[in-house]
Amino acid sequence: MPIRVRLALAFALVALVLVAVGGLLFERSFRNGLRSSLEPGLRRQAATLSSSRNQIEEPTAQPQVVNESDDVAQLLDSHGRVLVTTTEAGNRPVVGASVVRRARRGEQFVDTTVGDEREPYRVLARPDQAGGVAIVATSLEATNAAVTRVRNALLIGGGAAVIVAGIGGWVLAAAALRPVERMRRTAAEISEDDVSARLPVPATHDELQRLATTMNLLLAELQDALQRQRAFVADAGHELRTPLSVLRTELELAGRPARTSDELRDAVEHAARETDRLEHLAQGLLFLAKQDEGTHARFEVTALRPVLEAAIGASRLPAREREVHVELDADASVKARVAVSLLRPAVDNLLGNAVRHSPEGSTITVRLRRSEACAVIEVLDEGQGFPTEFLDQAFDRFTRGDAARGRGGGAGLGLAIVRTVAEAHGGIAEAANRPEGGAVVTIRIPTTL
């Protein structure tokens, strides 16, 4: 059911309840007010009737009829017998015996019907000075007719009020939801290729304006993520194409006839290097893809020195091949809540980059220290450092500063993995050049997670 219909029905229902309750209360108050207005006149009639008791002749077997009018009046003796009555009242008391008994103690107002036509009357029964009861009544036909007219007016007016409330609810809902409908139409027209599309923001300074603003922020984030994903896929395709092309070329050359064993060996070595590059690229892409989907690694408070020692042990063979020495300067007391399965690949990437870009005979230093509320991991090398223009984008995916550092490198995912791991731990990654030469990459992980 549309919201406008539901709001219109809600308005109509509330109006119906208010009109019904208000109408009943008003009708009751109006009826009681009319009946109360009759009581002073009845008291005067009763007083006049009581004062005429002295003019009554001796009681007879039949009540004395004092007039032939339509008035209803009776005088009863102390035993409840009718002494005086009017034609309209008849020869029997117009009220019951219980009312007569209570009337001997004080005045009683009751409603009853009188005569063969059962006409409604308002009756006053009160004691008189001789121990009897004086009864007078006035017709309620005019009063009931007035109450009926008021009830009919309330029904008509109340029904109209309910209809107007429903229509008003529909109109108000339509006006309030008009900005939502505009946003819906705009959202339906937005395509994945329209990266600048935004929802119209109504100048209403209310929840709708905040909703539109929030949705636009979400659209911006989604479109930015889509652009990054497209760029990632394009860059990944570009990076994969080069080693695959080289690998295909080497295999085709190896398959040609009259190739010497040295040429075949050289082709196989080139193919093996390109295969390693493909493997590292695939591993990096898989790691980043998993982190983009959300990490499910296990985080626990861990001493960080053993993690660094294991990473250094794994890097000793390539470091030895390049005649590079790796040192560890670590505070064994530093602990943090980390996922070792994430932190270890980040440190491996830092050491791999440092080894690849360090000159022969140089030293790589891995430091671990505590700074304020962070565990700080630093990897320092003695190479040429980062190009100054590269520092701002050092952690972007598929960016490399290898040409400026004089070495061939990987796919440009190593530092991107480092930043992703640091952010997964609630920390940051930083890259800088050392004043004495070389580069330093820092991972800061909060120790208060």
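Parameters and conventions
- Residues numbered from 1 in each chain as written.
- Predicted model: local features only at pLDDT ≥ 70, side-chain atom pairs only at ≥ 80, totals over all residues.
- Heavy atoms only, no water.
- Helix = DSSP H or I, 4+ residues; strand = E, 2+ residues; numbered from the N terminus.
- Areas by Shrake-Rupley, 256 points an atom, 1.4 Å probe, with all protein chains shown as cover.
- Expected span 1.5 Å × (residues − 1).
- Buried < 20%, exposed > 50% of the residue type's maximum accessible area, 1.4 Å probe, protein only.
- Salt bridge = Lys/Arg side-chain N within 4 Å of Asp/Glu carboxyl O.
- pLDDT = per-residue confidence, 0-100.
- Contact = heavy atoms within 4.5 Å.
- Pairing = 2+ DSSP bridges.
- Axes fitted to C-alpha atoms, helices over the stretch in contact; angles between N-to-C directions.
- Parallel < 35°, antiparallel > 145°, perpendicular 65-115°, else oblique.
- Left-handed = near helix turned anticlockwise from the far one by under 90°.
- Nonpolar A, V, L, I, M, F, W, Y, C, P; charged D, E, K, R; others polar.
- Phe/Tyr/Trp six-rings, centres within 6.5 Å; stacked < 30°, edge-to-face > 60°.
- Patch = residues over 30% accessible without salt bridge, like charges linked within 9 Å, V, L, I, M, F, W, Y side chains within 5 Å.
- Core = buried A, V, L, I, M, F, W, Y, C linked by side-chain atoms within 4.5 Å.

With that settled, consider the overall build of the protein. Per the secondary structure count, the protein includes 9 helices and 13 strands. Looking at the protein as shown, the accessible area adds up to about 25,800 Å², and 54% of this sits on carbon and sulfur atoms.

Another aspect to go through is the environment of glycine 41. In this fold, glycine 41 is placed in helix H1 (residues 3-51). C-alpha separation for the pair glycine 41 and alanine 137, spaced 96 residues apart in sequence, amounts to 9.7 Å.

This brings us to helix H7 (residues 340-356). Because each turn of an α-helix spans 3.6 residues, side chains separated by three or four positions end up pointing in the same direction. With 17 residues, H7 extends 24 Å between its outermost C-alpha atoms, agreeing within 8% with the 24 Å of an ideal straight helix rising 1.5 Å per residue. Taken as a whole, H7 has its buried residues at Leu342, Leu343, Ala346, Val347, Leu350, Leu351, Asn353, Ala354 and Val355.

Under the defined criterion, the tally for this structure stands at 14 salt bridges. Glutamate 207 is paired through a salt bridge with arginine 210; the nearest N and O atoms lie 3.7 Å apart. With a gap of 3 residues between them, glutamate 207 and arginine 210 both fall in helix H4 (residues 207-254), about one helical turn apart. Its salt-bridge partner being glutamate 436, residue arginine 434 comes within 2.7 Å of it at the nearest N-O pair. Linked by salt bridges that have partners in common, Arg35, Glu39, Asp111 and Arg122 make up one network.

Let's shift gears to the confidence of the model for the protein. The share of residues in the protein with pLDDT of 70 or more is 83%, and the mean pLDDT across the chain is 81. Confidence over residues 403-408 falls short of pLDDT 50; this stretch has 18 contacts with residues more than four positions distant or in other chains.

Overall, mixed pairing links the 5 strands, which are arranged S8-S10-S11-S13-S12 in an open sheet. Unpaired on one side and paired on the other, strand S8 (325-330) and strand S12 (428-433) mark the two borders of the sheet. Sheet twist, expressed as the average angle between the axes of neighbouring strands with direction ignored, equals 15°. Where S12 meets strand S13 (residues 439-446), 6 bridges bridge the pair, whose relative direction is antiparallel. Across the sheet, the residue bridging to isoleucine 428 is arginine 444, located in S13. Sitting on the sheet, helix H6 (residues 305-321) touches S8, strand S10 (363-371) and strand S11 (374-380), and the angle it makes with S8 is about 175°. Helix-sheet contacts for helix H9 (residues 414-424) involve S12 and S13, and the interaxial angle to S12 is about 140°.

Glancing now at the packing of H1 against helix H3 (residues 141-189). Between two packed helices, both the angle of their axes relative to each other and the distance between the axes serve to describe the pair. Between H1 and H3, whose axes approach to 8 Å, the crossing angle comes to 160°. What the angle tells us is that H1 and H3 run roughly antiparallel. Handedness of the crossing formed by H1 with H3: right-handed. When grouped by side-chain class, the residues that make up the contact of H1 with H3 number 25 nonpolar, 6 polar and 5 charged.

Another point: unusual backbone geometry. Even without being a glycine, glutamate 323 presents a positive backbone phi close to 60°. Among the secondary structure elements, glutamate 323 is positioned in the loop between H6 and S8. Overall, glutamate 323 belongs to the exposed group, its relative accessible area being 52%. Phi angles above zero are rare outside glycine, and glutamate 372 is one such case at about 55°. With respect to the helices and strands, glutamate 372 occurs in the loop between S10 and S11.

This model, assessed by the stated rule, comprises 2 aromatic pairs. Ring plane angle 15° and centroid distance 6.2 Å describe the contact between phenylalanine 26 and phenylalanine 30, whose orientation is recorded as stacked. Taken together, the residues span about one helical turn, with phenylalanine 26 and phenylalanine 30 both in helix H1 at a distance of 4 residues. For phenylalanine 26, a relative accessible area of 46% corresponds to the partly exposed category. Classification of phenylalanine 30 as partly exposed rests on a relative accessible area of 25%.

Let's shift gears to the sheet that holds strand S2 (residues 72-76). One open sheet accounts for 6 strands, arranged S1-S3-S2-S6-S5-S4; its pairing is mixed. A strand with exactly one partner marks an edge of an open sheet, and here the two such strands are strand S1 (64-65) and strand S4 (108-114). Sheet analysis places S2 next to strand S6 (residues 133-139), joined by 5 bridges and oriented antiparallel. Bridging across to S6, leucine 75 finds its partner in alanine 134. The strands touched by H1 within the sheet are S2, S4, strand S5 (119-127) and S6, with S6 carrying the most contacts at an inclination of about 140°.

This part is about a nonpolar patch on the surface. A contiguous nonpolar patch, built from Leu13, Leu16, Val17, Val21 and Leu25 and spanning about 460 Å² of accessible area, is present on the exposed surface. Relative to the elements of secondary structure, valine 21 occurs in helix H1.

All right, on to the nonpolar core then. Leu304, Leu343, Leu351, Ile364, Phe395 and Ile443 are the most contacted members of the largest nonpolar core, which totals 42 residues. Every residue in contact with leucine 304, bar those within four places of it in the chain, is listed here: Val334, Ala336, Val338, Leu343, Leu368, Ala375 and Ile377. Counting residues in each nonpolar core, the second largest holds 17 residues, with Val72, Val95, Ala125 and Val133 among its members.

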